[in-house]
Each structure stands twice: as structure tokens, then as C-alpha cells.
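Residue-level structural notes
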Number of protein chains: 4
Amino acid sequence: MAQIPIGIAGPLKINGEHAQGEFVVPMATTEGTLVASYNRGMKAINLSGGVKTTIVRDAMQRAPVFIFEDARGARNFVDWVKENFRTIAEEAEATSSVARLQYIDPYLSNKFAYLRFNFSTGDAAGQNMVGRATFAACGWILDNYKDHKVEQFYLESNLATDKKASQVNIMRTRGKRVTAEAVLKRDVLTQFMRVEPEKLQYHAQVASIGSILSGANNNGLHSANGITAMFIATGQDVANVSESSAGILYTEITAEGDLYISITIPSLIIASYGGGTGLATQRECLELMDCYGKGKVKKLAEIIAGVVLAGEISLASAISSSDWVSSHEQYGRNR
Amino acid sequence: MAQIPIGIAGPLKINGEHAQGEFVVPMATTEGTLVASYNRGMKAINLSGGVKTTIVRDAMQRAPVFIFEDARGARNFVDWVKENFRTIAEEAEATSSVARLQYIDPYLSNKFAYLRFNFSTGDAAGQNMVGRATFAACGWILDNYKDHKVEQFYLESNLATDKKASQVNIMRTRGKRVTAEAVLKRDVLTQFMRVEPEKLQYHAQVASIGSILSGANNNGLHSANGITAMFIATGQDVANVSESSAGILYTEITAEGDLYISITIPSLIIASYGGGTGLATQRECLELMDCYGKGKVKKLAEIIAGVVLAGEISLASAISSSDWVSSHEQYGRNR
Amino acid sequence: MAQIPIGIAGPLKINGEHAQGEFVVPMATTEGTLVASYNRGMKAINLSGGVKTTIVRDAMQRAPVFIFEDARGARNFVDWVKENFRTIAEEAEATSSVARLQYIDPYLSNKFAYLRFNFSTGDAAGQNMVGRATFAACGWILDNYKDHKVEQFYLESNLATDKKASQVNIMRTRGKRVTAEAVLKRDVLTQFMRVEPEKLQYHAQVASIGSILSGANNNGLHSANGITAMFIATGQDVANVSESSAGILYTEITAEGDLYISITIPSLIIASYGGGTGLATQRECLELMDCYGKGKVKKLAEIIAGVVLAGEISLASAISSSDWVSSHEQYGRNR
Amino acid sequence: MAQIPIGIAGPLKINGEHAQGEFVVPMATTEGTLVASYNRGMKAINLSGGVKTTIVRDAMQRAPVFIFEDARGARNFVDWVKENFRTIAEEAEATSSVARLQYIDPYLSNKFAYLRFNFSTGDAAGQNMVGRATFAACGWILDNYKDHKVEQFYLESNLATDKKASQVNIMRTRGKRVTAEAVLKRDVLTQFMRVEPEKLQYHAQVASIGSILSGANNNGLHSANGITAMFIATGQDVANVSESSAGILYTEITAEGDLYISITIPSLIIASYGGGTGLATQRECLELMDCYGKGKVKKLAEIIAGVVLAGEISLASAISSSDWVSSHEQYGRNR
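The model shown is predicted, which means the values in this text are computed figures rather than measured ones.

1. Observations regarding the relation of the copies chain A and chain B
At an RMSD of 0.0 Å, chain A and chain B line up after a rotation of 180° and a shift of 0.0 Å along the axis. Accordingly, the operation relating the two chain copies is best matched by a two-fold axis. A shared binding surface is used by both copies, with 100% of the interface residues of chain A retained as interface residues in chain B.

Below, the structure written as C-alpha cells:
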């Protein structure tokens, strides 16, 4: 058993559609400074009235590829798939009591027809659920499509995109697409975080240009830190940090001179039951937030999004008030 | 304490420059099928003579930004930084007995001068070491640069890029840039993995087109799985899966009809001491591979790269022989 | 009047759905070697039976953004847009006898609702047609949406993406998505192009890894050359080379030892009437291919795709047989 | 001869290091509205004191690839290339009186060593000059490198990246890297452009998020329009619009309430002699700006950058004051 220290952060005041109230947050990390840093951001949020969280999309994918003699074969196949969507969905959904096929995104290139299946998966992350469902759907397709010979078929083609950062996840969602927003009061920032709203806003703009230059999948600072710590604590498939670490940060100064800050996590992949969530400590951590079991995954998504925003506020303030490095010193990390 | 089950995979035969011989590999994961899947790939590698591993680059970054009145100010500043590189390096290196400044990559845009500092960090991952060193260097720069007023300075600007997938990491390296290569014998693939080399080669090509369409940072399949499991087991900063999950897969059929397969991990961020590596179980896991402590980080990098390649071979074979989904069934994952 | 020399390339044998037979191709360029190079590729194609061309998608976009108080406002707005799609389409289509609204792709981030309107535009490129149509649709939306206040509205938001290379164009199409395919006979390549199929295939794979490293929007070689020369000759909006230069190249060795090569151009933006197509020489050039006027734009798209493939074959052969630079010498370009 | 109407825009007041004073600008386009739109932006700039232009980098590339048995071979080769840089540079430079090898960027992946040669090319765009020089350098390398067998060599590998939009061009420059900056007075914007600085600033931020979502290589609006029109008018290789259309836009409100706006064009590829610049009308157009011949290419780069910024200001103002579509109407484009 690998043992990773769990720190408790918070409480964090969340005004979500699924998570409402104050939540203490378990974070499993070997980084001494991390929980303290997130706590600092949570305080700033709480003093400003809390964080508003919203899930705007929810889908899990599997993307098989069908290969034909030529581009026409691939194109005509995609048309047939659209005409037969209902039956394909029935075949897919017959494999699970939960999985529901929302839609299929087709991508045509060369002689390849890539189909990105998008499913609802309830409270599970759903990679295997949708794998089974897509496999069944493809079986039916392969049995029933007669117009052109399918030269080759693979169940996955790097359009899902599982365990990978990608533009398709940022654009088209993978798992939960969730946004956390807060309006940070000027006096909270200046007195408690020792930074003016304008300096945070300015850093966000300069760092966005930095992201354009570096080709980063996140114009924020470190959403991966909070996500990873909560993933480990709550028994998530931590390899999904690859996708879940993407983020779109946006800030503006309000008419009142406060700071509106929000981050959208376009591909947050989590579960509230199944997999590692059932392990003893992990289940405890979920229960600590009343996020274990059926009907709780969206609540968990909102809490994670709120925590991520707290982390952005804390680190951005540290960078902007330039006491960042020293903040590590006092906790004596010897990396 | 979060507790995550550790499975032991291997042994894996590695012909590295730092890792040589057979290694058993600790993988911390809640995924029942993962260790079995990696074992399958390791067997295929061992039966083919082992995996060759090579570290081609090694650097850790911090990227401050200096803001000027205009683009000329930024450009002239960068020229001055080049002229004063030696002194800047001394100031940076004075903060650490280990950190060595290799070079500074300047990126100019608008009125911003982004400096991507590249350091050697010995056996540490080094994010904080280079943070301190860069902070000291910037202090000296701010004190000594007089030609133009520095309007604003931030120690980080999203060009590092820490805890984020990015093109700059893929192109210019972050942490270890390590390649694992193997030549898989045709009969091993056909008899043991039940797949022809040509089918794996074909899938790799089709999945590469898939990656181009999806804008993925990895044209392989799931390097994040092996990396994450080993990161947790060995006390790494797991949030670095964001960067470390990038990969460049390449395959070809050899003149003998075997399969050459290799993967380059351009931004593998690990340590063999410091941070979480010192925790009891994590240290044990490192010691299991003789990878704990000074002078061992490159050995660890090579082992991880070899494990990642094993995972690619295993999953690609499963997809190509289409028994992928069913392989999950028998292990009864209920996601 | 800027005057640019027009060379005539071809004939090129095209087996398209809209273009069928042999076509001579006008190319306006100041590059002495260009027409000769394309001719070489066309000969190789003709000797192998011609190029097969297929249009798989056709859509022109405009992408307004609606800004709300928060993410919930943006999400609920998108739901309302879906419910009212028919009426929105009617409002949009009332502005044109040609434009037809196919679907609206919504992209949600932070508190922004980006709507990517996708239209059919007949034989026009259609940027202005869809601009007017989207403007009218947005007018109706702004008048009729009452649930949340629209804080701000802009008719364009960089999701179209007009005059820009982008992943959304590669994934979701802009203008014509057209594929050109050919099976080049081994003896044609070895005798006429002085290169083995395997060497072209190998270069394509190595250059694809190069594209992954460089983050290029084209893993082929120079589709922009043929596209630009034909755009100038036929009175297209040449600035659309920005989008049209994207390409996805794929090659494989067939069972017979020949070379299958294809390129998909995901965002080819052209017109067969309107704008510059009506100018004297430009119209002549279109008429030379019987591509002027109504019902001819798809034919033109297929011809351009075929020409692009010819250029890929020619330059790839030159690179692979390493006489590339010298081929420029003899034409004495003094760049 | 293709004939394209040339409109004259300007004058534009430029405060450059190479271009100083007022310049009238020839734009070859079939778009009726284009010149009028650019003129509008130029007026706004002139009324605000002009545009400041700065070239921050200048390099042209060719990127051969050397393929080895394994990653170690590739890595060791790159070390040898570094040790022999001076000789390699001499071999390259012997082919031209102009080309100077600045540095070689190595990119290692799998068993491939990609070398991105960076040259100064004087007043030429230089693609062929650097092709010849790199070819000669590679000849010497292939003759003299003995440590490992070079299994395969190609003179180009998609790391240049010629005629393609790419992240490497944005990060590492191709051709001229030039920035145009202006401070637009509030009253000029409100009275002459009918838009408040804040509304332009807001649009720039929202459109930047749009660019992140769409994966565009330009967070501005339409630099390709001005660049293409000037490329055609001045005899440039118009296919280079593929690279040249990239742009990084940045805006901020100054302490005085004015708008600072700047755009960096990271890969502007132009010449002031050679190729098409010598054709009659094209040469006239260059002479109109005193940009023909030796020692004039940087002046031309600055003028183009200034024109591009004018176009951004004009279209952004039109979008923000929402009279954009109608502005096309009155010019009766029938697309």
C-alpha cells in the first residue's frame, strides 16, 4: 500500500447547483506547502462570499475508427451511421443500465472515419462502461453495414482522447465541463492577500500571452495540483490528471473595482462510486464531503472546481506579490 | 493517509545507460487490470531481448517575465541578458549546491520579455530549487539593468510550463527527455500477443492521424497510466503527470519483419530523493529498483520509460486484436 | 493592377464526383520552379491512372459570442438556442437566397457562450453571406431571449476562425473539406520519379513526427504553394490561404507494393463566382477548367485538391531522391 | 498574367527603426472594403501619433533530419554537431555571399535527430539560399561524421516549417519577428471610431479565450488580409501567408484611459529584392514605399506590421460598434 499524507483544507463556501454550503476538502499530497496555499485562496473566496460553480456539459467518449478503400467509403459510412443513430444507440445502451449515447461526432480524414461516441455515464467516470457500449455498437455496425467493405477497424484511434491532453477535450468536453467563478472584493485582496486586483488581472493577461507562446493547455497556473491531491484522496483514476489539468482562466475588474475570476475545467474526469472510490480511506474522504455513491458525482465536480479556483487565486497572489519562492522556504521543501 | 494498492509488475529487462538488467516495478493503482496489462507488454519485451532506454536531455525550468514600455525595451533587455549570462548564472547557482544554469531561452512578444531559465537539478525534480535560483537571478537583474525601466516583473509567466501540457515541453524538454526502444520479434507478437507486427504498425499510423485531428500531446495510447502508477508508488509529485504524460510514439517494420517501436517522453519530471520520495513505502518502492537517493534519478527515468513502452505494446496489441474491452470484463471493473 | 505570371500545368487526370477527366490548371506564381514541379507530380499521377477526389464536408462559419453574468447564464442560453434553432435558422436564411444554416456548434467557457454558426453557401465562399445571416439571427436572439441579461455581444469571437489557421478548422471543417487520393505505381515512382515507394512512405512518417514536434497544421510538405497559385489565378480571396493551407497527409504501401497517398484539406475556402472570380483574367482561368459560375465550386475544390496532391508527390520525391536544391539551381532562382 | 486591382491606403505614420515618416501603402485585393477598412485604422493611428514598429528577431530555416539505429546514435550525433558548429557554418556559408548560419536548434525524438538551421539572409526571404547552404552543410556532415551510421537523411522534415502555420514559428521565429505598437487616444476612438477603449479591450480578451478554444495561431482578427494584399502588391511569395498570418495581439488601458494595442508577427517572410519583387508593377509598389533593393527588407517588415495593426484596430472597432456587416453592404460585395 502506498501511503500519502492527507491534509484537510477549507472550509470552502460553495454556491453550486449540486454543492451548496461550506465544505472541508481532503487533499492527498507530499507537498508541504500545498494545503496551506489552497487554504489561503479559500479564505479569500469565503471572505468574498464564496465560489459559484456550474457544470455546463457532461460526456464520456470512446472513439473507434473504421477504415475504407477510399474517402468516399468513409464519407458514405458516416452518413449511414447518422441515419442509423437510434439503433446504434440501442445496441450501445443495451450493455449498461447507466450509459446513454448522447451523440456521435464524426471526423473524416483520408480514408478514415473516426467516430467519437459521447455518452452519459451517471456517477461513474465511465471509460470502461463506454468502452463496452461502443464495442457493442461497433459490433452491430460491422454486422449491418454492407455498402462498402470495412478494410480495418480499431476500437480506439486517439480521438477519445483518453489519458491525454488534447484540443478536442478542451473544445468538445471530456467528463465534466465545470466552471468556478468568484468576485473577490478589493479589500480582501489588498488586506488579506496583499495584492491589488489590477495586479492579478495584469498577470492573468501576461500569462495568457505566455500560454499562447508555449502552446499550453491551460492559461491558468496550477489546477493540476488541487485536482491531483483530491483525485488521490478520493480514489479517482489519477492518470486522468492528463486530461483534467486543462483549464481556461478568465479575469476582469468589475465596475466596483473588485476582481471577477473564473476557471473552466473542460475535461474533469471523476466518479463518486466504482473503481478506487470504494477503498476505505478514499470512501471516507468522499463521505467527508457527502460525495460518496449515487447522485453525488456532480457535487464532487463542483467542489473540485471551487478548490481549483482557490488554488489559482492563492498562487497568482503569491506570484504577484512576489513572496512565492520564500513561501516555500519556510516550509523547508528541499527539492 | 490515503492508501493505494501497490502491484508489482515485471521483471522488465532494460538495456539502459543507467538502468541495466531485470527490474521489478512497483505500480500503485486502483485499476485491477493495469498491472496485468503492463506485465503482458513486459513479457513481450523480455522475449524480444529487452528495452533500450536513453536520456537525451535533462533540464528544469522557471520562466519569469519582464515587462517594458515597448517592444524595443524588451528586445534590448534580452540582448543585455545574453551579454551578462555568466554573472546571472553565478547569482542563480549561488542559491544551491546542485542547480546549474544551462541556458536561458528568451521569448519576445509585444512588450514582454519572457525568459525560460533551464537548469540541471541533479537527482531532484527541482521545481523549487530552480524557483529560488531564478528568483535570485532576477533580483540581480532587477538591481543591475539600467537601460530601460522594468515596468513590471513576475517570477512565472506560463512558459515554464509547470503542471501543464504544452508544446514548449514537447519541443524544448522539461525534466528528463527519455526514449525507450524495442525490436519486438514477429513470432513473439503473433504467438504471445496474438497480433501481427503490421497490424500494430497500421494502428500506430491511424492513431497518429487521430492525434493530429484531436490535437493531442501524445500519439501513443496511455503512457499516463504507467507513469501515474509509478509516480504514486515512488513518491513523485503526481501533479506532474500533466507534463509527463506527453509522448511521441514511432513504429516501423524492420527488414527482418519484426516491429521496431519506440516512445520519447519529452517532459518526465521525477526525483530520486527529496519531497515524497523519503516517505516509508515510497522509499521502499524506490529501493526495490535500487533507485533511492543520490545518483539514481536517471536510472529511475529509464525504468519508467521502459515501463511506458511495455504499456503501449500491451494496449496496442489488445486494441489490434480487439479483445480489449473483454479483458476488462474478466477483471470485473464496474465502472 | 498587380500582374502575376500565370503558368499552365497539367493536364491532370481527375476521377472526382464533380471533376471528371483531364484538366489543365492555371497557376499564378513568381516562382519559376513551381509549375514545373507540379507538372512532374501530375505526370506521376496520370501514369498511375489519375487522382480520386472527394468532398466530405462543406460549411462556412461565423461565430458570435454572448456574454452573461455567469456560467449558468451562458449554459441556459445555449439550451434556449437549441430549442429555438428552427426560428433562428429562418431568421438567418431570410437574408439570403443561398445561405442555409446547417447547425450551431456551441462552445462554453467561463461566462461566455460562443456560437459557431455553420452554413451552406452554394457556389460562394460565403464569409459575408454568413456574416449577414448570423447578424440577423443574433438580432432576433437579442430581441427574444429574456431569461438572462446579455451583458455584451460581439459578432465575431475567433471561433469562426476566419483568416487564421486553427484546430477547429482542422477538426470541424471550414469551407470545403476535400480529400485527394492516388495509388502511385511502383514502376512509375522508381523509373519516372527516381524514388522507391518505401522511401516516400518513410519520409512521410518521419515528417509526421516532425510536425508533431513543430506543432504544424500540416504534416504534408507544401500544399500552400499550389493553393496560393490557383487562388491568385482564379480570383479567390488569397488571404484564406491561412486556413486553406492546413493538410493531413497519409501514405501506405499497398499489397502490390505501390504507394497509396492521400491528403485531406479540411478548410479549403473558394468560390466559383462573386468577389474576384468575375475579373477578366481570373474568370478566364476558371473557364479554362469549366469552373466559372453556378454549380461549379465543388468541381473547383476537387481540382485544387488533385493539384495539391501532385505537388506533395513531386516535392516528396525530390526530397527523397535528394536532388531538391539542385532542381532550384537550374531554374536560377536567385533568392 | 493574373491582374489584381491595387488600392492605395494611407498615409500611415510610422515611428520605426527602419521605417520613419508617413507611408502610402499599395494593397492588391479583390475585396472592395479592404482598403477602406485599413484606411480607417490608419487614420486612428495617425491621429494618435503613429505606430511604433520593432524587429526583434530575423532568421530563415531549413530543417534536415538524420536517422540512426537508435536514440543514442541521434543524441551523440547532435553533440558532435555542436562541437563542429564552426566548420558546419563555414561549409554552409561558402554557398552564399549573404547567408550566415546563426545557430542550429536540435530536436531529438525516437531515433531521429532533427536539426533546425537558422540563417540570416539579408534582404532576401532566403528559403532557397538556406536550402542550398543547409544542403552543403549536410553534405559535409555526412562525409565527416563517422561515430554512428546515418541510416537515412532527408533535407526537410517539417521542422522548418515552410509554408505551414506552426507553433515552432510562433515560438522560435521564421523570417522577421516584428511588433507594431500604438497608444490610441480615447477621444480618437470614441469620436472617430465610435468605440470606447474599454470595449476594444474587452473584445480582445473575449476573442483571446475564443482563440484558446479554437486552437488558432492568431488571437487577433485578420492580419492575413493586410499581409496578403501587400504580399501580392510587392511580389512576395504569397504562399508564405501560411506562416506570416500568425499573430499575437495584446491590449491594455493606459493610466490616461487610452488604449495600448500591439501585435507581434512572429514569422513574417518577405524580401526587398529577388523573386517576384523585380516584376514591373511589384517593383513600383516597393519603390512607392522606398522599399526596393538592398538594405530595405527591414523597412518593409516594419511597414507591413504597422499596416496589420491598422487593420486590427479598424475591424475590432467595427465589430465592437457592431456596424461590421453593414459596412460590407454599402460596398455591395455579393458573396
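Right, picking up where we left off after that structure.
2. Remarks on the pairing of strand β2 (residues 6-16) of chain B
Residue and element names in this part refer to chain B. Bridging between β2 and strand β3 (residues 20-28) involves 8 bridges; their strand directions are antiparallel. The residue bridging I6 from the neighbouring strand is A28, located in β3. Linking two consecutive strands that pair antiparallel, namely β2 and β3, is a turn of 3 residues. Judged from the 3 bridges that link them, β2 and strand β4 (residues 51-62) form a sheet pairing that is parallel. Paired with N15 across the strands is K52, a residue of β4.

3. Some words on the packing of helix α1 (residues 34-47) of chain B against helix α11 (residues 297-320) of chain B
Describing two packed helices takes the angle between their axes plus the distance from one axis to the other. Residues and elements named next belong to chain B. The contact between α1 and α11 brings their axes to 7 Å, and the two run at 100°. Relative to α11, the element α1 lies roughly perpendicular. Note on element contacts: α11 touches α1 through G306, V307, V308, L309, A310, G311, I313, S314 and A318, opposite S37, Y38, R40, G41, M42, A44 and I45. Residues of the contact of α1 with α11, tallied by class, amount to 10 nonpolar, 5 polar and 1 charged.

4. Quick word on the interface of chain A and chain B
Contact residues are listed per partner, giving 89 residues for chain A and 89 residues for chain B. Counting each side, the surface lost to burial between chain A and chain B is near 7,500 Å², with a carbon and sulfur contribution of 59%. Counting across the chain A and chain B interface gives 0 salt bridges. Between chain A and chain B we count 38 residue pairs in polar contact (both at pLDDT 80 or more) in total. Of all the elements, helix α7 (residues 197-214) of chain A adds the most residues to the side of chain A that touches chain B, at 10 residues. Partitioned by chemical class, the residues of the side of chain A that touches chain B number 37 nonpolar, 39 polar and 13 charged. The pairing of strand β1 (residues 2-4) of chain A with strand β1 (residues 2-4) of chain B spans 3 bridges and is classified as antiparallel. Each bridged residue has a counterpart across the sheet, and for A:I4 the counterpart in β1(B) is B:A2.

5. Some words on the interface of chain C and chain D
With 88 residues of chain C in contact, the opposing surface of chain D contributes 88 residues. Roughly 7,500 Å² of surface becomes buried between chain C and chain D when both sides are summed, with 59% attributable to carbon and sulfur atoms. At the surface where chain C touches chain D, the tally comes to 0 salt bridges. At the junction of chain C and chain D, the tally comes to 38 residue pairs in polar contact (both at pLDDT 80 or more). Element by element, the count of residues in the side of chain C that touches chain D is highest for helix α7 (residues 197-214) of chain C, at 10 residues. Here the residues of the side of chain C that touches chain D sort into 36 nonpolar, 39 polar and 13 charged.

6. Looking at the state of the cysteines
Among covalent bonds in proteins, the disulfide is the one between the sulfur atoms of two cysteines. The tally for this structure, following the rule as stated, stands at 0 disulfides over all chains. This cysteine, C:C291, is not joined by any disulfide, and C:C285 carries the nearest cysteine sulfur, 11 Å off.

7. Comments concerning the domain arrangement of chain A
All names here are of chain A. Here the domain parsing of chain A yields domain 1 (6-57 + 169-331) and domain 2 (64-154). The centre of domain 1, based on its C-alpha atoms, is set 35 Å off from the matching centre of domain 2. Across the contact, 17 residues belong to domain 1 and 9 residues belong to domain 2. Counting each side, the surface lost to burial between domain 1 and domain 2 is near 890 Å², with a carbon and sulfur contribution of 34%. It is R172, Y273 and V297 that lose the most area in domain 1 upon contact with domain 2, and together they represent 47% of the buried surface on that side.

8. Some remarks on α7(A)
Owing to its 3.6 residues per turn, the α-helix aligns residues three or four sequence positions apart on the same side. Across its 18 residues, α7(A) extends 25 Å between first and last C-alpha, which sits within 8% of the 26 Å expected from 1.5 Å per residue. Burial analysis of α7(A) places 15 of its 18 residues in the buried class, which makes it a mostly covered element.

9. Quick word on the confidence of the model for chain A
Do not read the fine detail of predicted coordinates wherever pLDDT is low. With 96% of its residues at a pLDDT of at least 70, chain A reaches an overall mean of 95. In the predicted assembly, ipTM is 0.95 and pTM is 0.96.

10. Quick notes on the packing of helix α8 (residues 223-234) of chain D against helix α10 (residues 280-288) of chain D
Residues and elements named next belong to chain D. One way to put it is that α8 packs onto α10 with a least axis distance of 7 Å and a crossing angle of 115°. Contacts between α8 and α10 involve I232, A233 and T234 from the former and T281, Q282, C285 and L286 from the latter. Counted by class, the contact of α8 with α10 contains 4 nonpolar, 3 polar and no charged residues.

11. Points about the environment of B:E252
In this fold, B:E252 is placed in strand β10 (residues 248-253). What makes B:E252 buried here is its relative accessible area of 14%. Each C-alpha atom, one on B:E252 and one on B:E198, is 8.7 Å from the other, the two residues being 54 residues apart in sequence. Residues contacting B:E252, with those up to four places away along its chain left out, are B:Q201, B:D258, B:L259, B:Y260, C:Y202 and D:K111. Side chain to side chain, B:E252 and C:Y202 meet in a polar contact 3.1 Å long.

12. Digging into unusual backbone geometry
The amide bond that connects A:G10 to the next residue, A:P11, takes the cis arrangement and shows omega of 10°. Backbone geometry places C:R194, a non-glycine residue, at a positive phi of 60°. Looking at the secondary structure, you find C:R194 in the loop between α6 (186-192) and α7.

13. Some points on the packing of aromatic side chains
Tallying each qualifying case throughout the model produces 44 aromatic pairs over all chains. Between C:F112 and C:Y114 the ring centres are 6.0 Å apart and the planes differ by 70°, which places this aromatic pair in the edge-to-face class. Owing to a relative accessible area of 0%, C:Y114 belongs among the buried residues under this scheme. Ring centres of D:F66 and D:F153 lie 5.0 Å apart, and the angle between their planes is 45°; this geometry places the pair in the tilted category.

14. A closer look at helix α8 (residues 223-234) of chain C
All names here are of chain C. Spanning 12 residues, α8 covers 17 Å between terminal C-alpha atoms, matching the ideal 16 Å at 1.5 Å per step. Here α8 lies mainly inside the structure; 12 of its 12 residues are buried. Positive phi shows up at G235, right after α8, with a value of about 75°.

15. A look at the nonpolar core
If you look at the biggest cluster of nonpolar residues, it comprises 336 residues, and the most contacted ones within it are A:I303, B:I303, C:I303 and D:I303. Apart from the residues lying within four places of it in its own chain, the contact partners of D:I303 are D:I14, D:A19, D:F23, D:V25, D:M230, D:M289 and D:C291.

16. Side note on the pattern of salt bridges
Within the structure shown, the criterion is met by 70 salt bridges over all chains. Put simply, C:R172 and C:D105 hold a salt bridge, and the shortest N to O gap is 2.9 Å. Here the residue C:R172 occupies a position in helix α5 (residues 167-172), and C:D105 occupies one in strand β6 (residues 100-109), the gap between them amounting to 67 residues. A salt bridge links D:K296 to D:D290; the nearest nitrogen and oxygen atoms lie 2.7 Å apart. What you see here is one network of salt bridges that share partners, running through A:D162, A:K163, A:R174, A:D237 and A:E243.

The rules we used
Residues numbered from 1 in each chain as written. Chains lettered and ligands numbered in written order. Predicted model: local features only at pLDDT ≥ 70, side-chain atom pairs only at ≥ 80, totals over all residues. Heavy atoms only, no water. Least-squares fit on C-alpha atoms with pLDDT ≥ 70 in both. Contact = heavy atoms within 4.5 Å. Pairing = 2+ DSSP bridges. Helix = DSSP H or I, 4+ residues; strand = E, 2+ residues; numbered from the N terminus. Axes fitted to C-alpha atoms, helices over the stretch in contact; angles between N-to-C directions. Parallel < 35°, antiparallel > 145°, perpendicular 65-115°, else oblique. Nonpolar A, V, L, I, M, F, W, Y, C, P; charged D, E, K, R; others polar. Buried area = accessible area lost by both parts, 1.4 Å probe. Salt bridge = Lys/Arg side-chain N within 4 Å of Asp/Glu carboxyl O. Polar contact = N/O pair within 3.5 Å; in protein donor to acceptor, adjacent residues only side chain to side chain. Disulfide = S-S within 2.5 Å. Domains from an automatic or database assignment. Expected span 1.5 Å × (residues − 1). Buried < 20%, exposed > 50% of the residue type's maximum accessible area, 1.4 Å probe, protein only. pLDDT = per-residue confidence, 0-100. Phe/Tyr/Trp six-rings, centres within 6.5 Å; stacked < 30°, edge-to-face > 60°. Core = buried A, V, L, I, M, F, W, Y, C linked by side-chain atoms within 4.5 Å.

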